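# Observations on the model geometry
Listed below are the residues making up each chain.
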Amino acid sequence: MKQRRLSLALAGAASVVFLVGTSTAAPPQPVAVQEGPTYVYRVPAPLGEKAQDLLARGFDVLEQRDGDDLFVLGSKTTHTRLAEAGFTGQVESVMAPPSAELKTRGYGITETYYGGYRTIRAHYAHLDQVALRHARLATVVDYGDSWRKTQGAGGHDLKAICITRKGPGDCRLTPTAKKPRMFVSAQIHAREITTGDMAWRWIDHLTQGYGKDAEVTSLLDSTEVWVVPIANPDGVRIVQSGGDSPKLQRKNGNYTNGPRECPTTEDPNAQIGVDVNRNFDAQWGDNGTSADPCHQVYRGPKADSEVETRALEKLFRGLFPDTRGPGLTDPADPKTRGMVITMHSALNVVLLPWGYTTTPSPDDGPLRAMARDMAGLAGADWRYGQPGELLYTAGGSIDDWVYGELGVPHYTWEIGNWQGDCAGFLPAYSCQDGHWAKVRPMLTYATKKAANPYGG
Ligand SMILES: [Zn+2]
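Residues numbered from 1 in each chain as written. Predicted model: local features only at pLDDT ≥ 70, side-chain atom pairs only at ≥ 80, totals over all residues. Heavy atoms only, no water.

The name an unreviewed UniProt entry assigns to the chain is Peptidase M14, from the organism Lentzea pudingi.

What follows is the structure, encoded as structure tokens:
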């Protein structure tokens, strides 16, 4: 019986392979890379010896268990390897090649979706092109892998670009750098597509302005600017797969803590994945988060469970020394350098730590003063304050990790509009000129502040 179910399941999988084969035989798609489909096998392996044996044999075992069964990722031939090792593998699901589903225009660096938003492929080609054209200014840094990539299921590198007038020792992952560092990231929440476009424009503004624009030249002579244009590429892959109807995926691509698919008749908007911005090891827990794997603010099974979270924390530790004591009431060293911005959408607010509580942080004075300046640069309709003052409190955020762990000022910018034509997560691409006019002065201000943010 087991054998028959296995062969039936494989027959189903084979038809998927056939469909993929058909699509590659069709006229060439703009998206060139076709990774093969990934198979998820259900493998009986009770706790103890059998499970350890499966792991010891090097199978790609997911961190997921259903009774006596474990799950193994592999190719269409992995069931043969499992059988040779004395295991039976039944196909649980087939993950389609990620690029097969894309509805995009252009190719490489010009590849866009939804009227002009750049795909992950375009963003990463952009980073490489900038580093090539501006070799004395820009360095691309691979700081980890997305969850799907760690599973051998497509996925992406996690990439940053360091931009400065390069001198000896610049752009290295050492917290004792000569120049102060300003760091900005986008699309930690995948569907907040405005933010990735702001990152793209900021990279171009700096690299194309150096030597021409006095302010940009001065910024890059004095400061290292780090940009992560897509902090959650697995999530963005889901978003852009909608093409002209982007999918509203907020979280990462890790479905191993709950069902493979989340939408139900009660909640058609439920999603797989962990909210990376609730997963940081900073007051991680139930405050403003959920234990339900399908919930939009699912915090993950434990703090730092996600590769995207851990990779960012490691990157931050490589960029900034820890200047704050361990207590929640310990202020940062007044001479702390650095500035970290996480861009979200879509409101008009600047958020400062703490995020987990409405109690002010020990550096509330200077943090709030800078937030006021930033909001002032963005426009009269912008507000500033702690999340608990303007939205809600939440544990496990990047805000509280960066400030709490390292003492470096962190701001969340909610960019966009909450009403009008350009409101929401998915504004028309033409709205981005207006957003950029507000964000550029804020980014410039944040970069200038990195040398001495607390005024010590
Ligand atoms: Zn967000």
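### Considering the overall build of the chain
Secondary structure summary: the chain contains 13 helices and 14 strands in total. Within the chain, buried positions represent 56% of all 456 residues. Of the contacts formed within the chain by residues at least 6 apart in sequence, a portion of 74% connects residues at least 24 apart. Of the roughly 18500 Å² that the chain leaves accessible, carbon and sulfur atoms contribute 53%. (Helix = DSSP H or I, 4+ residues; strand = E, 2+ residues; numbered from the N terminus. Buried < 20%, exposed > 50% of the residue type's maximum accessible area, 1.4 Å probe, protein only. Contact = heavy atoms within 4.5 Å. Areas by Shrake-Rupley, 256 points an atom, 1.4 Å probe, with all protein chains shown as cover.)

### Re the coordination of the zinc ion
Six octahedrally arranged donors around a metal ideally form angles of 90 or 180 degrees; four tetrahedrally arranged donors ideally form angles of 109.5 degrees. Only H189 (ND1), E192 (OE), E192 (OE) and H344 (ND1) from the protein coordinate the zinc ion, and they sit 2.1 to 2.3 Å from it. Of note is the zinc ion, whose four donor atoms meet at the metal with angles of 58 to 149 degrees in an arrangement that counts as irregular. Linear spacing of the donor residues for the zinc ion on their chain is H-x2-E-x151-H. Placement of E192 in the loop between β9 (181-185) and α6 (193-209) and of H344 in strand β11 (residues 339-344) is noted, with a sequence separation of 152 residues between them. Residue classification places H344 among the buried positions, given a relative accessible area of 2%. (Donors = N, O, S within 2.8 Å, 3.2 Å for Na, K, Ca; no water. Tetrahedral: all angles 85-135°; square planar, octahedral: opposite > 155°, others 65-115°.)

### Looking at the layout of surface pockets
In this structure, the second largest pocket occupies an estimated 320 Å³ of space. Lining the second largest pocket are 22 residues; nearest its centre among them are R278, L351, L391, Y392 and E414. (1 Å grid on protein atoms, 1.4 Å probe; cavity = no way out; pocket = protein on both sides within 12 Å on 5 of 7 lines; lining within 4 Å. Points joined across faces, edges and corners; volume = space filled by probe spheres on them.)

### Description of the sheet that holds strand β10 (residues 224-228)
What the eight strands build is an open sheet, ordered β7-β8-β10-β9-β11-β14-β12-β13; its pairing is mixed. Taken across any chain shown, the strands that pair with only one partner, and hence form the sheet edges, are β7 (138-145) and β13 (383-385). With direction set aside, neighbouring strand axes in the sheet form an average angle of 20 degrees. The sheet contacts of helix α9 (residues 307-319) involve β7, β8 (157-163), β9, β10 and β11, and relative to β9 the element is tilted by about 165 degrees. (Pairing = 2+ DSSP bridges. Axes fitted to C-alpha atoms, helices over the stretch in contact; angles between N-to-C directions.)

### Examining the UniProt feature "active site" (unreviewed entry) in the chain
Sequence positions flagged by UniProt for "active site" (unreviewed entry) are, in local numbering, E414. One can find E414 in strand β14 (residues 410-414). Setting aside its immediate chain neighbours within four residues, E414 contacts H344, S345, A346, L347, N348, V349, L351 and W382. (UniProt positions renumbered as here; feature names shortened; annotations may be inferred.)

### Brief notes about the packing of α9 against helix α12 (residues 398-406)
Two quantities define a packed helix pair, namely the angle between the axes and the distance from one axis to the other. Remark: α9 packs on α12, axes separated minimally by 11 Å, with the N-to-C direction vectors making an angle of 35 degrees. Taken as a pair, α9 and α12 cross one another with a handedness that is right-handed. When α9 is examined against α12, the residues L312, E313, F316 and R317 are found in contact with a partner set consisting of I398, W401, V402, E405 and L406. By residue class, the composition of the contact of α9 with α12 is six nonpolar, no polar and three charged. (Left-handed = near helix turned anticlockwise from the far one by under 90°. Nonpolar A, V, L, I, M, F, W, Y, C, P; charged D, E, K, R; others polar.)

### Brief notes about the packing of aromatic side chains
In the structure shown here, the tally under the stated rule is nine aromatic pairs. The interplanar angle of 20 degrees and the centroid separation of 6.1 Å between the aromatic rings of Y39 and Y41 together place this pair among those described as stacked. Taken individually, Y39 and Y41 each receive the classification buried, so the pair is uniform in this respect. Geometrically, the ring pair formed by W354 and Y356 is edge-to-face, given 5.6 Å between the ring centres and 65 degrees between the ring planes. Counting every residue linked through ring pairs, the aromatic cluster contains Y113, Y114, Y117 and Y429. Of note, K50 hangs over the ring of F87, and the distance from its end group to the ring centre comes to 4.4 Å. The cationic tip of R260 hangs over the ring face of Y255; the distance from NZ or CZ to the ring centre is 4.1 Å. (Phe/Tyr/Trp six-rings, centres within 6.5 Å; stacked < 30°, edge-to-face > 60°. Lys NZ or Arg CZ within 6 Å of the ring centre and 35° of its normal.)

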